[in-house]
Amino acid sequence: MSTYGVAILSSDLKTLAEDAKKADEKGLDAVWASEFYSRSATVSMAAMATATQTCRIGSSILYGIGRSPLVLATEARDLDELSNGRLVLGIGNGTKRMMSDWHGVQDTSAPALRMEELVPLVRRIWNLHEGPIRHEGRFYKMNLIPTEQVPPPKRDIPIVTAGVRPRMCEAAGRVADGLAGHPLFTTKYVEEIVKPAVAKGAAHAGRNPDDVEIISMVMCSIHDDPLIARRELAQQIAFYASVKTYDTVLDVNGFTKEGQAIREAFGRRDLPAMFDAVSEEMIDTMGVAGTAEQVRDGLRRYEGVLDHIMVYPPSIGIAPQRVRDNYDALLDACAR
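Everything in this summary refers to the structure shown in the same document. (Residues numbered from 1 in each chain as written. Predicted model: local features only at pLDDT ≥ 70, side-chain atom pairs only at ≥ 80, totals over all residues. Heavy atoms only, no water.)

### Brief notes about the nonpolar core
The cut-off we apply is this: Here, nonpolar core refers to any group of buried Ala, Val, Leu, Ile, Met, Phe, Trp, Tyr and Cys residues whose side-chain atoms link them within 4.5 Å. Each residue's exposure class comes from its accessible area (1.4 Å probe, protein chains only) as a fraction of the maximum for that residue type: buried when under 20%, exposed when over 50%, partly exposed otherwise. Helical segments are the DSSP runs of H or I of at least four residues, strand segments are the runs of E of at least two, and each set is numbered from the N terminus. Whether two residues are in contact is decided by their heavy atoms, any of which lying within 4.5 Å being enough.
With 114 residues, the main nonpolar core has V6, V31, M48, L89, I91, L299 and V311 as its most contacted residues. Per-element tally for this core: the top contributor is helix α5 (residues 111–126), with eight residues. Those residues in contact with V31 that lie beyond four places of it in its chain are V6, I8, A20, A23, M48, C55, R56, I57 and G58.

Quick look at the structure:
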């Protein structure tokens, strides 16, 4: 049976903590923080951890690329302690442009291989009690000799890795405890592309693919007027579909023509045309929108396809108070 969580996009840390508390009280399985150039996922998770009691605290995602393996491991260990063992460490590379322009990474090649090197190294740091670390890899180097005895970790912190294209999904199957999918993921894409890629990676590593949790954001908009909800969802779809990196998802679902129109409009900075280029079929396929009852019914198509459904309120071109109202409605719709 699928579990439900929520992506929290609050504008400030105080509100973010309050929103996480609401989700926890509603019985959601997890609350998820994101990271961008204006927000730290680790600090966000710390705020959420202190405001909640039982739900998992996850990042979807934080940039592993922007931190050394040591900083990433120690931050995660502290967050797991702060949350009393509720952390889910979700890490990703971001796009190649993010890697180079935002984080100053010069070698943006082979992002899947980078992730496959990073995840085991982070786990090795968590288990420093087993002995010194001498690592000479393609992307990371470490010579870490502890100066005193290091206690073993209290638990194995789960790591989920972000993936869209098949090779990154395969990386999750090889080294991670879960896959963090993209908001554009559809049930068709998960069944036909994601799960086979995860299984391929798991087989390569001699693992059971059922041990890899398939997690994805699902864009959801609730409004008493279904047309308003659908327009809001279309705006968020257009925002993500304007990035050529995600062509694979659009193509598999038969939305190549719409994607081209969206990117052309984006190139002209014509937002209304971008939003209008999102077809009704895209709205019905790439998210869920309508009244509360319609959204509850629509989310059922993801059950059994995703292990964990992360509801995600649209925000592009939408007033902050409306985003908040939708968030509260989604908590009620997904309450245990």
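### Remarks on the side chain of S44
The line we're drawing: Each polar contact in these results corresponds to two N or O atoms within 3.5 Å; when the atoms are within protein, one needs to be able to donate a hydrogen and the other to accept it, and residues that are neighboring in sequence are counted only if both atoms are side-chain atoms.
By the element assignment, S44 lies in helix α2 (residues 41–51). Assessed through its relative accessible area of 0%, S44 is described here as buried. Within the local environment of S44, its side chain forms a polar contact with the backbone oxygen of S40, the two atoms lying 2.9 Å apart.

### What to know about the pattern of salt bridges
Test applied: The salt bridge definition used is simple: a Lys or Arg side-chain nitrogen within 4 Å of an Asp or Glu carboxyl oxygen.
In this structure the tally under the stated criterion is 23 salt bridges. A salt bridge links R67 to E35, with the shortest nitrogen-to-oxygen separation between them at 2.8 Å. Residue R67 is located in the loop between β4 (62–63) and α3 (69–82), and its partner E35 is located in the loop between β2 (30–33) and α2; the two are separated by 32 residues in the primary sequence. Pair check on accessibility: R67 and E35 agree, each one buried. The partner of R123 in a salt bridge is D177, with the nearest N and O atoms 3.0 Å apart. Highlighted residues: R123 in helix α5 and D177 in the loop between α6 (166–175) and β9 (178–181), separated in sequence by 54 residues. In this structure R123 comes out as partly exposed when scored by relative accessible area, which is 25%. With a relative accessible area of 28%, D177 lands in the partly exposed category.

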